[in-house]
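# Fold and geometry: a report
Residues per chain are reported as follows:
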Amino acid sequence: MLRIAKEKLNALYAKISETMGLFIPVKKAGEVNYAVWSEGKEVSLETLKTVKSPKNMFFPQTENMMKFKTEGKEIEVEDLRVDYKEVKEFVLFGVKACDFKAMEVLDKVFLADPVDTYYKSRREATTVVTLACSRPEESCFCSAFGIDATAPQGDVTVWLDENNLYWQANTEQGEKLTEKVSDLFENGGEEDVKAQQAKTKEILAKLPFATLDLSRFKPENLNELFNAPEWESMSEACLGCGTCTFVCPTCQCFDIRDFKTNDGILRYRCWDSCMYSDFTLMAHGNSRTTQMQRFRQRFMHKLVYYPSQNDGLYSCVGCGRCVNKCPQRLNIVKVINTLGGKKND
């Protein structure tokens, strides 16, 4: 294990940026999100949850796909995809354990046949540096999904305390990055990391949602859960605002639209939400016509449909963003507690 004093972190960022792009949590206008690092930006590794999850680096909120130009009956198509070998390599620094686990969920969607080359190009160009949690919040429940917030995976794992950042390479890609910055580090830190992990685990065990019971959310209970009468009462106050889907690190729904420009048609895709009344709207109408049905679809997908098709992997990682952001407190914890049999929320 290696360590570097906190006052030298800017030197570390600068060293990485010499040969690679560096995306890191940056504070701007009072909010913290991932942005390209440059000298003078206010880095905030201490922020537990960025507003947008790092999925935005691989699956942007909006991205151009292709252009069409027409002349008479002739149509010219300009493919805007970039082969992944041509994408500049970059480091995604400070990813929490929950957000890294969310990448596994997204990979199973976008890297399965047919492969999404837009997503693939960015994913394969990335070295992920995860950051262990030391101050989890009451809204966190990643441990319910078997995630260890004190030892996240990734190409490199780092731990941060009041004085130092500790660095451990986990993969060949992580070793390559370590070689580039090794002259800034010194050896040591194992005992400090172990002490931090022990303290954090004590906090995690005492969090309000530490004992969430997921045992009922199994494929064999699909019909029973789908027809549960509780969906009506749970969804009554839902505004259909989509906030939960836009802050979620695992949501992957998108819409594809065409926009007329001065020199042709631009096709782009943008995030969409299953909570919207026009989601999957077709000429004949919509298969889910009530907010209750849309509400049920979101949580059944996260807790039953997705895991039944992906070896038990839930499409929720317990980051707690929806707990913090839902204006009506209609989050996945309430669904789990209501349908799982527990009433504490």
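Here we summarise the structure given alongside this text. Not measured: the values here are computed from a predicted model. All residue numbers here refer to positions counted from 1 along the written sequence of the relevant chain. In keeping with the model being predicted, local features are shown solely for residues with a pLDDT of at least 70 and side-chain atom pairs are shown and tallied solely at 80 or more, while totals for entire chains, interfaces and linings include all residues. Side-chain measures here rest on the full set of heavy atoms in the structure, leaving out hydrogens and waters.

### Thoughts on the nonpolar core
In this structure, Phe141, Phe217, Trp231, Phe295 and Leu303 are the most contacted members of the largest nonpolar core, which totals 46 residues. Secondary structure is summarised from DSSP: a helix means a run of H or I of at least four residues, a strand means a run of E of at least two, and numbering begins at the N terminus for each. At the level of secondary structure, the elements contributing two or more residues to this core comprise helix 2 (97-110), helix 7 (230-235), helix 9 (291-309), helix 10 (321-325) and helix 11 (332-340). Contact between two residues is taken to exist if any of their heavy atoms lie within 4.5 Å; hydrogens are not considered. Non-local contacts of phenylalanine 217, meaning those with residues more than four positions away in its chain, are made with Leu225, Leu303, Val304, Tyr314, Val335, Ile336, Leu339 and Gly340. Counting 24 residues, the second largest nonpolar core, distinct from the first, contains Leu45, Leu131, Leu165 and Trp167. Nonpolar cores were defined as sets of buried Ala, Val, Leu, Ile, Met, Phe, Trp, Tyr and Cys residues, with membership established by side-chain atoms within 4.5 Å. Only protein chains enter the accessibility calculation, which uses a 1.4 Å probe; a residue is then buried when its area is under 20% of its type maximum, exposed when over 50%, and partly exposed in between.

### Observations regarding the pairing of strand 6 (residues 90-95)
Burial analysis of strand 6 places six of its six residues in the buried class, which makes it a mostly covered element. By the bridge criterion, three bridges tie strand 2 (residues 21-28) to strand 6 in an arrangement that is parallel. Note on strand 6: the bridge partner recorded for leucine 22 is valine 91. Sheet topology note: the strand 6/strand 7 (residues 126-131) ladder contains five bridges and is parallel. Bridged to valine 95 within strand 7 is threonine 130. A pair of strands counts as paired when DSSP detects no fewer than two bridges linking them.

### Structural notes on the pairing of strand 8 (residues 156-160)
Every regular strand shows the same layout, with side chains that alternate between the two sheet faces. Counting buried positions over the five residues of strand 8 gives five, a clear majority of the element. Of the two faces of strand 8, the one lined by Val156, Val158 and Leu160 and the one lined by Thr157 and Trp159 are each fully buried. Examined bridge by bridge, strand 7 and strand 8 share three bridges and lie parallel to one another. The residue bridging valine 129 from the neighbouring strand is valine 156, located in strand 8. Relative to strand 9 (residues 164-169), strand 8 runs antiparallel, the two being bridged by five bridges. Within the sheet, the bridge partner assigned to valine 156 lies in strand 9 and is alanine 169.

### Side note on the sheet that holds strand 12 (residues 264-271)
Where strands meet in a sheet, backbone hydrogen bonds hold them as pairs that are either parallel or antiparallel. The strand order across the open sheet formed by four strands is 5-4-12-11, and the pairing between neighbours is antiparallel. Either end of the sheet is taken by a strand with one partner, and the two such strands are strand 5 (74-79) and strand 11 (254-261). Geometrically, the sheet is characterised by an average inter-axis angle of 25° between neighbouring strands, direction not taken into account. Sheet topology places strand 4 (residues 62-71) next to strand 5; six bridges connect them, and they run antiparallel. Across the sheet, residue glutamate 71 finds its bridge partner in strand 5, namely glutamate 74. Fitting a line to C-alpha atoms yields each axis, with helices limited to the stretch in contact; the angle taken between N-to-C directions then spans 0 to 180 degrees.

### Points about unusual backbone geometry
With an omega of -5°, the peptide bond running from aspartate 113 to proline 114 counts as cis. Mapped onto the secondary structure, proline 114 falls in the loop between helix 2 and helix 3 (117-123). At alanine 29, a position not held by glycine, the phi torsion is positive, near 55°. With respect to the element layout, alanine 29 can be found in the loop between strand 2 and strand 3 (31-36). By relative accessible area, alanine 29 is classed as exposed at 79%.

### What to know about the pattern of salt bridges
A carboxyl oxygen of Asp or Glu within 4 Å of a side-chain nitrogen of Lys or Arg is what we treat as a salt bridge. What the rule picks out here adds up to 15 salt bridges. Of the charged contacts, one joins glutamate 63 and arginine 122 as a salt bridge, the two residues approaching to 3.0 Å between their closest N and O atoms. Here the residue glutamate 63 occupies a position in strand 4, and arginine 122 occupies one in helix 3, the gap between them amounting to 59 residues. Of the residues examined, glutamate 63 reaches a relative accessible area of 5% and is grouped as buried. For lysine 120, the salt bridge is made with glutamate 124, and the minimal N-O distance between the two is 3.5 Å.

### A few points about the side chain of threonine 245
Within the element layout of this structure, threonine 245 appears in helix 8 (residues 243-247). Two N or O atoms count as a polar contact when they lie within 3.5 Å, although within protein this holds only if one can serve as hydrogen donor and the other as acceptor, and sequence-adjacent residues are included solely when both atoms are side-chain atoms. Within the local environment of threonine 245, its side chain forms a polar contact with the side chain of serine 273, the two groups lying 2.9 Å apart. Those residues in contact with threonine 245, other than ones at most four positions away along the chain, are Lys55, Cys251, Ser273, Cys274, Met275 and Arg298.

### Some points on the layout of surface pockets
Over the atoms, a rolling probe the size of a water molecule traces out where space has been left empty. Cavity means a closed set of points on a 1 Å grid over the protein atoms alone, one where a 1.4 Å probe fits but cannot get out, pocket means an open set with protein on both sides within 12 Å along at least 5 of 7 lines, and lining means a residue has an atom within 4 Å of a point. Grid points are joined across faces, edges and corners, and a volume is the space filled by probe spheres set on the points. If you add up the space inside the largest pocket, you get close to 410 Å³. Along the wall of the largest pocket there are 19 residues; nearest its centre are Ser134, Arg135, Leu160, Asp161 and Gln196. Here the lining of the largest pocket gets five residues from one element, more than from any other, and that element is helix 5 (residues 190-206). We call Asp, Glu, Lys and Arg charged. Ala, Val, Leu, Ile, Met, Phe, Trp, Tyr, Cys and Pro are nonpolar, and the rest, Gly among them, are polar. Broken down by class, the residue content of the lining of the largest pocket amounts to seven nonpolar, four polar and eight charged.

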